[in-house]
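Topology and contacts: notes
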Amino acid sequence: MAWRSVGANNADLIRQLRDYGVIATESVASAMLATDRKFYSPRNPYMDSPQPIGGGVTISAPHMHAFALEYLRDQLKPGAHVLDVGSGSGYLTACFYRYIKAKGENSDTRIVGIEHQSSLVEMSKTNLNADDRNMLESGTMLIVEGDGRKGHPPLAPYDAIHVGAAAPDTPTELINQLANGGRLIVPVGPEGGTQYMQQYDKDANGKIQMTRLMGVMYVPLTDLRS
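Before going into details, it helps to say that this report is about the structure given with it. Predicted, not measured: the structure shown is a model, and the values here were computed from it.

Right, let's talk about the sheet that holds strand 5 (residues 141–145) for a bit. With mixed pairing, seven strands are arranged side by side in an open sheet as 5-4-3-6-7-8-9. Either end of the sheet is taken by a strand with one partner, and the two such strands are strand 5 and strand 9 (208–216). When the angles between neighbouring strand axes are averaged without regard to direction, this sheet yields 15 degrees. Here five bridges tie strand 4 (residues 110–115) to strand 5, and the two strands are oriented parallel to one another. When the bridges of strand 5 are listed, Glu-115 appears paired with Glu-145.

Structure follows, in structure tokens:
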């Protein structure tokens, strides 16, 4: 990427990402402004680079979270079901919640974060409650423990799916859980090799179209045994 941002605080970080054109819309800026990274990243929360959060896991750089919100924004509507695979700290899951809530209330809205490490599940719940207890208490947001490579069938199909770690190849099971009209964004490629952020769109007839968005470098999508 062609920029290097370090904000003095959350608002300053978001301002810089807007100035660089990473954040393109007011609605994405508002969701990220409302979600202070200090609750989710214990080290360097306002630096635009990945930061360790424990368990061998990092919170992605803010610009990648901004891109995710921008690419998925048309699917993030009241009543949508959203799946955040490898939800980690809970930060992007919170942004999804706030983005949709700002668009309107709907009792059918569900935002699911799935994480395979129990310690990260508990940590993310602590983070979310420190930020705003209403997110989890509302029942609109759930953080579940499980193998995200298999999705979360109980609340499928999903209008939007984000994956925060690299799948080695086409994530067929997640595509199967995508609703007609839905969108999945996922890094695809081998660990240490060439990886691309790929977008999978499912049309009204269930046909899939893949678009390669950009080159990326992510840790692999795993379970506790890998």
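What follows covers the environment of Val-57. In this fold, Val-57 is placed in strand 2 (residues 57–59). Sequence separation of Val-57 and Ala-102 is 45 residues, and the distance between their C-alpha atoms is 30 Å. Residue contacts for Val-57: discarding those within four places in its chain leaves Gln-51, Pro-52, Gln-117 and Leu-120.

This part takes up the environment of Gly-164. In this fold, Gly-164 is placed in the loop between strand 6 (158–163) and helix 7 (172–176). Between the alpha carbons of Gly-164 and Ser-87 there is a distance of 6.9 Å; along the sequence they are 77 residues apart. In this structure, Gly-164 is in contact with Val-85 and Tyr-218, ignoring residues within four places of it in sequence.

Let us look at the packing of aromatic side chains. All told, the structure shown has two aromatic pairs when counted by the stated rule. Relative to Tyr-91, the ring of Tyr-40 has its centre 5.6 Å away and its plane inclined at 75 degrees; by these criteria the two rings are edge-to-face. Note that Tyr-40 is positioned in the loop between helix 2 (26–34) and strand 1 (51–54) and Tyr-91 in helix 4 (residues 91–103), a separation of 51 residues in sequence. Look at Tyr-40 and you get buried, because its relative accessible area is 1%. When the ring centre of Tyr-91 is taken as origin, the NZ or CZ atom of Arg-37, which lies over that ring, is 4.8 Å away. In this structure, Arg-212 packs its charged tip against the face of Tyr-196, placed 4.0 Å from the ring centre.

About the thresholds
Residues numbered from 1 in each chain as written. Predicted model: local features only at pLDDT ≥ 70, side-chain atom pairs only at ≥ 80, totals over all residues. Heavy atoms only, no water. Pairing = 2+ DSSP bridges. Helix = DSSP H or I, 4+ residues; strand = E, 2+ residues; numbered from the N terminus. Axes fitted to C-alpha atoms, helices over the stretch in contact; angles between N-to-C directions. Contact = heavy atoms within 4.5 Å. Phe/Tyr/Trp six-rings, centres within 6.5 Å; stacked < 30°, edge-to-face > 60°. Buried < 20%, exposed > 50% of the residue type's maximum accessible area, 1.4 Å probe, protein only. Lys NZ or Arg CZ within 6 Å of the ring centre and 35° of its normal.

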